[in-house]
Amino acid sequence: KLNNKAILLAIAMLFNLACTKDFEELNTDPSLLSEGQLDVGLLLTTVQKRMLIDNGADPMGTVGHYSGYISAGGSVPFNEASYGGDFISGYNALLNASEIVRLTNDDPEQINKNAIARIMKAYIYQFMTDQYGDIPYSEAVSTIGNVNTQPSYDTQESIYADLLSELEDATGDLDDNLDSFGSQDLIYGGSVDKWRRFGNSLRLRIALRASYSNPTLASSQITSLLNADLMETNGDNAFVTSSDDFQSNQNPSYNEIVGWGGKEGLPYYLGNTIIDLLNDNDDPRLSIVADPTLNSQEEASLNDDPGLLVYRGRPLGLGTPEEREYYQPGDLSVIGEWYSQPVLDMPAIYYSEVCFALSEAKLRFDLGSNSADFWYKEGIRADMERYGIDETEITDFLATPTATLAGTFEEQLEQIIGQKNIALFPNAVEAWSEWRRTGYPKILIG
């Protein structure tokens, strides 16, 4: 009888629980967020941190080799391997950026947040398609109710065209009289004016991508941008400053150096391309971007003579022991102290890039009132001033043949892209994209 009563009591309790009116509440994970609880500002913070620090301008990798910045290993980078990290990480960032757009749509008070998120989406898609070519675009990152697990791959040509249109619309929507993200915006602290300049400068970058494949499109886009608000000073530079509070927030190059036990253990050396460019006319940026070779440091210290310091790069694709024998670690330069710290400005676009783009636009399409040489010199100056180089050194360098455009179209283009390659450092993805577009700078193999 006792057993029967216990069984009946248990059934009654289970029946009571099964019929509870609080079923949904009891079976919902309290850690889940609803749309109403999401802070779109923190979503933007996450996107910016992921794209500019996690996926940031770190030259020590596969793309760093392609850009002429880094050289390591035997035949690296000419080995078959998967390269999916930026693809996965990029789409994770796009999901969050798209959610900001959806959550702020149709709200006039949040028009700036919506426009900034769209500009950020365009930046991410440009980063993605420049590396992977055709990618999911029109059917990607849709709402949770319309998930497409097999989105079609759009052509890079159609993606570029849509990004140009989207950037024009998004920058046009920005309203100086309305609030923005404030301190949750790691790039500009919510400055609407600076986001407008960033969006237009990004549009200029993408327009130049089409300079060979579709010169008519490139020319028309650049023409319309000449009267728009572009970056005008280094104060408009777009970057996120890394932090030393957690390893994941630190400069990736610093983490790489620590992981190899210091610079002495690094298998990555500065490429001879970037070193040769900087050695030209004693560029004052050389000692910032690169360290002197260890052997020359020892010799300079022993003789108390800084003039004995040597900077030497390493070519790509040293496949045989005989080739590698000529490039011993002690006789090669590694990345400089400026880029070896945990806290560093991680760039998206700098004003110097805009200057070099306008220089090429004048050279290629004869667009703009200033000469190609004017913008070329302005780009060099902007990059040197970003480093805090003394005015006397800047003036002296600008008086050298390296800092004056001369020769045929191709010779002048090679000058522009060579200096652009220096100014883009350590943004290897951008430098690689410029090399694929123009063939410059010439990267020595073997």
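Quick look at the structure, then. (Residues numbered from 1 in each chain as written. Predicted model: local features only at pLDDT ≥ 70, side-chain atom pairs only at ≥ 80, totals over all residues. Heavy atoms only, no water.)

Side chains on a regular strand alternate between the two faces of the sheet. On strand β4 (residues 238–241), burial follows the alternation: A238 and V240 on one face are buried, whereas F239 and T241 on the facing-out side are not. Alignment of β4 against strand β6 (residues 345–349), held across 4 bridges, turns out to be antiparallel. Within the sheet, the bridge partner assigned to A238 lies in β6 and is I349. (Buried < 20%, exposed > 50% of the residue type's maximum accessible area, 1.4 Å probe, protein only. Helix = DSSP H or I, 4+ residues; strand = E, 2+ residues; numbered from the N terminus. Pairing = 2+ DSSP bridges.)

Residues M51, M120, Y123, I124, Y125, W195 and F198 are the most contacted members of the largest nonpolar core, which totals 117 residues. Looking at this core element by element, the count peaks at 11 residues for helix α6 (residues 111–132). Residues contacting Y123, with those up to four places away along its chain left out, are M51, L52, F198, L202, R205, P347 and A348. (Core = buried A, V, L, I, M, F, W, Y, C linked by side-chain atoms within 4.5 Å. Contact = heavy atoms within 4.5 Å.)

With that out of the way, let us pick up the side chain of S340. In this fold, S340 is placed in the loop between α14 (321–325) and β6. With a relative accessible area of 8%, S340 lands in the buried category. In terms of polar contacts, S340 uses its side chain to reach the backbone carbonyl oxygen of G336, at 2.6 Å. In this view, S340 contacts N251, Y254, I257, K263 and I335; residues no more than four positions away in its chain are not counted. (Polar contact = N/O pair within 3.5 Å; in protein donor to acceptor, adjacent residues only side chain to side chain.)

What follows deals with the side chain of N272. Note on placement: N272 falls in helix α11 (residues 272–279). When neighbours within four sequence positions are excluded, N272 is seen to be in contact with G313, R314, P315 and L444.

We now examine the environment of Y188. Within the element layout of this structure, Y188 appears in the loop between α7 (156–173) and α8 (192–209). For the pair Y188 and S201, spaced 13 residues apart in the sequence, the C-alpha separation amounts to 15 Å. The residues contacting Y188, other than those within four sequence positions of it, are K194, W195, F198, M231, D236, N237 and A238.

This brings us to the pattern of salt bridges. One pass over the full model with this rule turns up 29 salt bridges. A salt bridge links R209 to E430, with the nearest nitrogen and oxygen atoms 2.8 Å apart. Remark: E430 occurs in helix α19 (residues 428–438) and R209 occurs in helix α8; sequence separation between them is 221 residues. Linking R386 and D383 is a salt bridge whose minimum nitrogen-to-oxygen distance equals 2.8 Å. In this pair, R386 and D383 are both assigned in helix α16 (residues 372–386), 3 residues apart and thus about one turn of the helix distant. (Salt bridge = Lys/Arg side-chain N within 4 Å of Asp/Glu carboxyl O.)

The quantities given are spatial measurements derived from coordinates; they are silent on function.
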